[in-house]
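Single-letter residue listing:
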Amino acid sequence: MSARTRNLGTDMLCCLGVIMLLGLQYLAASGFPPAAAESPGIALPIAARWFCLSGAMLLAAGTGYSLSRQRCTAGYFTVLIRMVYLYLICSIAAFAIRFFVMQETLTPMEMLHALLQFTATDTSRFAAMYFALLTAAPFLNAAMDGLKSKKACLAFVCITAALSTLQPMLLIGETYLLPGWCKGLFPLAGYLGGAYLRRYSKKRHVPLLLLFLAAMCTLQTLIVVTVSLLRGAVFCPQLDSMASLPCLCTALCLVGLFHSKKPGDSGLNRFFGMAAEGALPALLLGDVLIDCMIPALEERFPAAGMRLWAGFGVVPVIFILSCALGLILQVPVFAIRSFLTEEEEETEEETEKPARRKHDNAAPSQRHTIQVPVPRKAAALRMTQPTDEAPPGVHEVNMPAPPEDAPSPSAPKAQAREAMSRTAKLYIPKTPARQETHAARREMSVEEILDMTEKPKTQTSSASVEELLERLTK
């Protein structure tokens, strides 16, 4: 996407997905779920945690929505260079925070192993998921393009979603009915769901989606709260997974609410565009920043319930700080990208200049200006004098000038021919029959048209006059 235009809906979904994942990390660092079971308002933190579980699925669905039209080209995979740079520089910054601020002991081999295994922070595995989706996007799009009908695409999405999102829910006792590797396909289900919405969603059904989202979140919270109160602790393994079906439904509802196909360059677009540029660094750095702030929060809010409530204000602040730090680390990338963009614009201008100069230097007889005709109820061919601007419904045709060695006609006829040779404005008829008639008239030469106009409009014979006098005298 161009640096001047941004898709507001996609950028908002990206930021929301990262905030949800950071909220999930904050709840874990602040003592959830045991603290939630002891607090009087158990429903609110449970609802917040189960809603934040959809963050990874939302990132996958937003990626599918934004990359659903990408094809397998050599230029597409160059974006991986920027992603690898961001991952390396943000991981090194996370190691520095852990070593100097949190006083952790890290050896070079441990840091190298963490880089290769995407374990520099707890949220680094979501960056690995994004890399995998980014690499597989052209091939997934080609697979969906092979399915010509809408029903075939829907069946493909439903089968993938059933294999991945039903695996953690089909639990009987301690036995899963589906193998564990099926759960690893949940990013694929989110990507295909987002791509399906981009392809077949014509408009946003906001009231219906809001009603469905509220009902699903309420039902899910009631189930978890009921089971947790019966057991005396927060416990619901069938729903306590990012790969569950409610997480996929929540993510697709959010995509349906926030998606927009038209990019823009307003201030709001630019603001969320910059936030989306720093979303991946925020995902990698926000985890360690939360760990650094937890001791201060525990001192400021000793009660676990108050600390959970404070998360609604702390998590957005951490996201903004992480985005700002990520944007500072990306300054070299922005400088290189702006330099390459200026070179491309200069190259386009240099290629357009010769063609524009050739058009400007062309002879007047070779310049063709055609105005799109508007159907009118014109019954006859009109020849008008040339004007500066053509009225609506007029088709302008440049006719060649007569040869210089032609015999000179009379003065009025010569002036008319000269005027019509410069511009002839023809009214295009509306019906096919009139189009054929006027097309035949346009093929007539200028001399024939002038000869037709010089003929008298009515001719009365002497016989008809005598018959008329006889009738009047009777």
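Fair warning: this is a prediction, and the values are worked out from it, not measured in the lab.

Colleague: Give a detailed account of the overall build of the protein chain, specifying residues and quantitative values.
Modeller: In terms of helices and strands, the protein chain carries 19 helices and 4 strands. The buried share of the protein chain, taken over its 474 residues, is 38%. Sequence-distant contacts in the protein chain: of pairs separated by 6 or more residues, those separated by 24 or more amount to 83%.

Colleague: If you had to explain the nonpolar core to someone new, which residues and values would you point to?
Modeller: Among the nonpolar cores identified, the biggest contains 91 residues, and Val18, Tyr26, Ile46, Trp50 and Met242 are the most heavily contacted of them. Top contributing element to this core by residue count: helix 13 (residues 279–300), with 11 residues. Excluding its chain neighbours within four sequence positions, the residues that come into contact with Met242 are Leu21, Leu24, Leu53, Ala56, Met57, Arg125, Phe126, Phe186 and Cys247.

Colleague: Which residues make up unusual backbone geometry, and what values go with them?
Modeller: For Gln103, which is not glycine, the phi torsion reads 60° and is therefore positive. With respect to the helices and strands, Gln103 occurs in the loop between helix 5 (79–100) and helix 6 (108–117). Classification of Gln103 by relative accessible area gives exposed; the value is 61%. Backbone geometry places Phe118, a non-glycine residue, at a positive phi of 60°. In this structure, Phe118 sits in the loop between helix 6 and helix 7 (124–145).

Colleague: Pulling in residues and values, what's your account of the packing of aromatic side chains?
Modeller: By the definition in use, this model includes 8 aromatic pairs. Residues Phe99 and Phe100 carry aromatic rings whose centres are separated by 5.0 Å and whose planes lie at 90° to one another, so their mutual orientation is edge-to-face. Residue class for Phe99 comes out partly exposed when judged on its relative accessible area of 40%. Centroid distance Trp309 to Phe312: 6.1 Å. Interplanar angle 50°. Geometry classified as tilted. Of this pair, Trp309 and Phe312 both sit in helix 14 (residues 304–329), 3 residues apart, which is roughly one turn of that helix. For the residue pair Trp309 and Phe312, the accessibility class agrees, reading exposed in each case. If you follow Arg49 out to its NZ or CZ, it ends over the ring of Trp50, 5.1 Å from the centre. The positively charged end of Arg300 is found above the aromatic ring belonging to Phe301, 5.2 Å away from the centroid.

Colleague: Residues and numbers for a nonpolar patch on the surface, please.
Modeller: The grouping of Leu44, Trp309 and Phe312 at the surface amounts to a nonpolar patch, some 350 Å² of accessible area in total. Exposure remark for Trp309: the relative accessible area of 55% places this residue in the exposed category.

Colleague: With reference to specific residues and values, describe the packing of helix 1 (residues 8–29) against helix 14.
Modeller: As a packed pair, helix 1 and helix 14 sit with axes 9 Å apart at the nearest point and diverge in direction by 135°. In this view, helix 1 runs oblique relative to helix 14, as classed from their interaxial angle. The handedness of the crossing between helix 1 and helix 14 comes out as right-handed. Contacts from Cys15, Val18, Ile19, Leu22, Gly23, Tyr26 and Leu27 in helix 1 reach Arg307, Leu308, Ala310, Gly311, Val314, Val315 and Phe319 in helix 14.

The rules we used
Residues numbered from 1 in each chain as written. Predicted model: local features only at pLDDT ≥ 70, side-chain atom pairs only at ≥ 80, totals over all residues. Heavy atoms only, no water. Helix = DSSP H or I, 4+ residues; strand = E, 2+ residues; numbered from the N terminus. Buried < 20%, exposed > 50% of the residue type's maximum accessible area, 1.4 Å probe, protein only. Contact = heavy atoms within 4.5 Å. Core = buried A, V, L, I, M, F, W, Y, C linked by side-chain atoms within 4.5 Å. Phe/Tyr/Trp six-rings, centres within 6.5 Å; stacked < 30°, edge-to-face > 60°. Lys NZ or Arg CZ within 6 Å of the ring centre and 35° of its normal. Patch = residues over 30% accessible without salt bridge, like charges linked within 9 Å, V, L, I, M, F, W, Y side chains within 5 Å. Areas by Shrake-Rupley, 256 points an atom, 1.4 Å probe, with all protein chains shown as cover. Salt bridge = Lys/Arg side-chain N within 4 Å of Asp/Glu carboxyl O. Axes fitted to C-alpha atoms, helices over the stretch in contact; angles between N-to-C directions. Parallel < 35°, antiparallel > 145°, perpendicular 65-115°, else oblique. Left-handed = near helix turned anticlockwise from the far one by under 90°.

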